Amino acid sequence: MRKVILAVGISLDGYIARPDGSFDFLFMPKDFSMAPFFASIDTCVMGRKTYDVSVQNGGGSFGKHIASYVFSRTQPPGERDGVIFVNEPAAQLVARIRAGHAKGKHIWLSGGGELAREFLHADLVDEIHLGIVPVALGEGIPLFPPGFPQRNFKLLENKIYLKGLVELKYQRVRRKH
């Protein structure tokens, strides 16, 4: 089954961005590459605020090889500028993506915190990949805002990179019925 992977960079104190949405504190050292991760996905989902910041920084969509979905309560649903705006429940979209391309690659949940909370609440997150940078911001946009039940994960992998970046990969532990 196609996994939903929450993969983000965060500060030591758990923030994905500064209060204004900027993420200038994040960095990618020379010995770290996102290429293997990008090869494992064909779909990206993000919140509208994350999308807006991405567009401001020259991104937004990932081209024709990665379908990009943006959850928004303010934008009408539909495809524009290489992304598909949606306002349906997360579980409904994930089920639709999985049904449409059952043999597809994994689904990247790229942010932000409010959407991560919705996905965790609906128990849709199969893995969490964190790139932790050695900076404590003291305030900002948290990766995990309150409002979802406890979810247990087991450590799959940990790696240390130049400049103190630590990558942690976790897999969701679910009880078998």
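Please read these numbers as outputs of a predicted model, since none were measured by experiment.

The rules behind these values
Residues numbered from 1 in each chain as written. Predicted model: local features only at pLDDT ≥ 70, side-chain atom pairs only at ≥ 80, totals over all residues. Heavy atoms only, no water. Pairing = 2+ DSSP bridges. Helix = DSSP H or I, 4+ residues; strand = E, 2+ residues; numbered from the N terminus. Axes fitted to C-alpha atoms, helices over the stretch in contact; angles between N-to-C directions. Contact = heavy atoms within 4.5 Å. Phe/Tyr/Trp six-rings, centres within 6.5 Å; stacked < 30°, edge-to-face > 60°. Lys NZ or Arg CZ within 6 Å of the ring centre and 35° of its normal.

## Considerations on the sheet that holds strand β8 (residues 127-133)
Then, number 1: Spatial strand order, β5-β6-β4-β3-β7-β1-β8-β11-β10: nine strands in an open sheet with mixed pairing. Each edge of the open sheet is held by one strand with a lone partner, namely β5 (78-80) and β10 (153-160). Adjacent strand axes in the sheet meet at a mean angle of 25 degrees when their direction is disregarded.
Then, number 2: Direction of pairing for β8 relative to strand β11 (residues 166-172): antiparallel, over a ladder of six bridges. Considered in β11, the bridge of isoleucine 132 is made with valine 166.
Then, number 3: The sheet strands contacting helix α2 (residues 48-56) are β3 (41-47), β4 (67-71), β6 (83-86) and β7 (106-111), and the helix crosses β3 at an angle near 105 degrees.

## Notes on the packing of aromatic side chains
Then, number 1: Scanning the entire structure with this criterion turns up seven aromatic pairs.
Then, number 2: A cation sits over an aromatic face here: lysine 163 above phenylalanine 27, 5.8 Å from the ring centre.
Then, number 3: The ring centre of phenylalanine 153 lies 5.9 Å from the NZ or CZ of arginine 172, which sits over that ring.

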